[in-house]
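Secondary and tertiary structure notes
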Amino acid sequence: MSEHIAGEDLAAFVDGTLQGKEKAGIESHLSRCPECLEALTEIVEIRSRPVKIPSDFLRSALKVPDEGTLGEKEAPARTALPMRLAFGIAAVFLVVVVLGYFILGGGRSRRARFPLEGRDDRPLAEALSPEPAKAEESGRAPAALPEPARAKKAKSGAGEIMSTAKSAPVAQAEAVLKPAAAPQDKATLRMADEVAKDRRQEAEAAVGGVQAPAEKDRLGETKLAASGAAGVPARVEEYQSADAKMLRSRPAGPAAADGALQLFLAATGRAAAPLGLRIAALAPGPFIRIEGDVSPADLRDPGVLREWTWFRRGTALELAIGPDGSVTAVSLIGTWDRRAGALAEEASGKLLFSPSRKSSRRAVLTADDVPL
Amino acid sequence: MQAIMGNTFAILCGPGRNDARTLDIRGAFLVIIVFMKWFGGSDADLLRAVLEDDTAAWQKFILGYSNFIYGAIVRYTDDYDEKMAVYLHVLEKLREDRFERLRSFAFKSKLSTWLTVVSRRLALDFLRSRYGRDFSLKKVRVVSIDGEPAYLHLLADTVTPETKLAAAERRENRQHLESSMRQAIDKLDDRERLAVQLVYFQGLKIKEVGRLLKMPSAYKFLARTLKKIRGEMERAPRFIRAEIEDALEGESHE
């Protein structure tokens, strides 16, 4: 028996790179040499079952300490983790913004697109005038009012509101709303006139039980000049009309931004969870809107409002809030029966808002059956 | 390949026109050459760098080819420490005498295949030096048995003079059959003999043997070879055809 096959020749035979006589010689040797035949068989079997070496072996071979890296696995992980984290945060933020737009902001913009049933939806100048429909139909200035104080209030209020009503956001909002609201303008105004008249009568009947507050700022836009016997109905009208104006003057964009901001504040722990309020609003029960110097996000426990089943539509509560967030005074606005009024005063006193540097804040709570 | 490279060289360096189309073709060939160099010549470049005592290249070699070394080692030992020792021994032998073994590699085969062959050889040498030539028996677990199993007694009861005689006759017949088959196999040519041994004695798959011996129809080749063996064995006067067929069936593993 001649010498065994050299390692490289055997490898070449396995790879199939040998040709001619060289290949025939190897075949001849293999057919008569059991050792080389066994070696060939083992090499073929080893090559057909690839294995992966443990990293410990490589560490030992490269003399790398255990906590070191081999340049294959650990090194990319150090740079990949922050990128992954950054993308994760970005994705969460995107989801929050989208949710804020559709859940929190979308409702308000959608609410403002259809006429508010049973609500005085006219501009404040018309709402404060005694005969709005007539004035609009005749196209002339409203007639003189019988009471001097009322005429003075209407004149001053109209002047102020007209100046603000022609500001850019309001004009834009009215331009957006005009096509949808145009066919129903006359019917809506007539209905609003009737509703306002009914409410005025109801308020005059209940004037003994409700105290009209002194002069206060109204959302930083108007001043309530009226007082005494005309205070309550004028105040109701003013709230309703200013409310409608505010709805008109809030397009979808800022509303969505507010929603996202509320959610962001809740996520960062700077305000109570606004989602709780919105989820509560979607559940059966009264829907309560909070406006003024505070927002729903400032309410510490929004779930409390779900229990306010006595809070009826068309009524409102004005709250004075101290720097620590507690309610310092409660004013009932609109027509309240005695029991509901007592419940409102008691429940409002238990509300707690987020603290602020301002010495006093004001909130107006209005009830509605339809969630925003 | 040389012709292709020659044409490429002519296009790249020849006195052709320097218009835009020629330059585009030259650029394309340049890209192809760079890719060929990048993918095709990596083994040679790496080995050249290792032989120049480049530490980074040696580390790259270890990272790239340790799987093949390890694959050759795990066949012969299951012990972790032993595998580690053999692995480091193989690397040490490869580095020995300024990479003398690697220097002898002539690129007749793939580097990975050659490393498998060399690693197997070095691993066997290492283990034989430690345990002797029959080191593979180390894998067989020796379990002490208190006394003989019960079935041996049962078998002992069945042994009679008649059964002993029949067993001896079968053993003798088998020996004659094996020697006759060995003679028939020896009369085959080298290629046929190698195929039969690889398939029926070493247990390789017919498909694998066909790839090794570059036979497109290995099944037909083996069928013809078996027919030859059968013919040779039939010429032997002592055995009848049925016995030969039984013996052949017992030998084939598939």
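Residues numbered from 1 in each chain as written. Chains lettered and ligands numbered in written order. Predicted model: local features only at pLDDT ≥ 70, side-chain atom pairs only at ≥ 80, totals over all residues. Heavy atoms only, no water.

**Observations concerning helix H4 (residues 55-62) of chain A**
- Taken residue by residue, H4(A) has A:Phe57, A:Leu58, A:Arg59, A:Ala61 and A:Leu62 as its buried positions.
- A:Lys63 lies just past H4(A) and shows a positive phi near 55°. (Buried < 20%, exposed > 50% of the residue type's maximum accessible area, 1.4 Å probe, protein only. Helix = DSSP H or I, 4+ residues; strand = E, 2+ residues; numbered from the N terminus.)

**Here's the deal with the pattern of salt bridges**
- For the structure on display, the rule yields 22 salt bridges over all chains.
- Residues B:Asp190 and A:Arg32 are paired through a salt bridge, measuring 3.8 Å at the closest nitrogen-oxygen approach. Of this pair, B:Asp190 sits in helix H9 (residues 190-201) while A:Arg32 sits in helix H2 (residues 20-32), each in a different chain.
- Judged by its relative accessible area of 24%, B:Asp190 is partly exposed.
- B:Arg120 is paired through a salt bridge with A:Glu42; the nearest N and O atoms lie 2.7 Å apart. (Salt bridge = Lys/Arg side-chain N within 4 Å of Asp/Glu carboxyl O.)

**Considering a nonpolar patch on the surface**
- A cluster of nonpolar side chains, namely A:Leu94, A:Val95, A:Val98, A:Leu99, A:Tyr101, A:Phe102 and A:Ile103, defines an oily patch on the protein surface of about 660 Å² accessible area.
- Note on placement: A:Tyr101 falls in helix H5 (residues 74-111). (Patch = residues over 30% accessible without salt bridge, like charges linked within 9 Å, V, L, I, M, F, W, Y side chains within 5 Å. Areas by Shrake-Rupley, 256 points an atom, 1.4 Å probe, with all protein chains shown as cover.)

**Here we look at unusual backbone geometry**
Residue and element names in this part refer to chain B.
- Positioned with a positive phi, aspartate 53 is a non-glycine residue whose angle comes to about 65°.
- Residue placement: aspartate 53 occurs in the loop between helix H3 (42-51) and helix H4 (55-73).
- The backbone of aspartate 97 shows a phi angle near 50°, a positive value even though the residue is not glycine.
- We classify aspartate 97 as exposed; its relative accessible area is 57%.

**Some points on the interface of chain B and chain A**
- Chain B puts 43 residues into the contact, and the matching count from chain A is 43 residues.
- Between chain B and chain A, the buried area comes to about 4,000 Å², and carbon and sulfur atoms account for 61% of it.
- At the boundary of chain B and chain A, one finds six salt bridges.
- The residue A:Glu45 makes a salt bridge to B:Arg75 at a minimum N-O spacing of 2.8 Å.
- Between chain B and chain A we count 22 residue pairs in polar contact (both at pLDDT 80 or more) in total.
- Put simply, the parts of the chain that give the side of chain B that touches chain A at least two residues each are H4, helix H5 (80-104), helix H6 (111-131), H9 and helix H10 (206-212) of chain B.
- In terms of residue count, the dominant contributor to the side of chain B that touches chain A is H4(B) (nine residues).
- For the side of chain B that touches chain A, the per-class residue count stands at 21 nonpolar, 11 polar and 11 charged. (Contact = heavy atoms within 4.5 Å. Buried area = accessible area lost by both parts, 1.4 Å probe. Polar contact = N/O pair within 3.5 Å; in protein donor to acceptor, adjacent residues only side chain to side chain. Nonpolar A, V, L, I, M, F, W, Y, C, P; charged D, E, K, R; others polar.)

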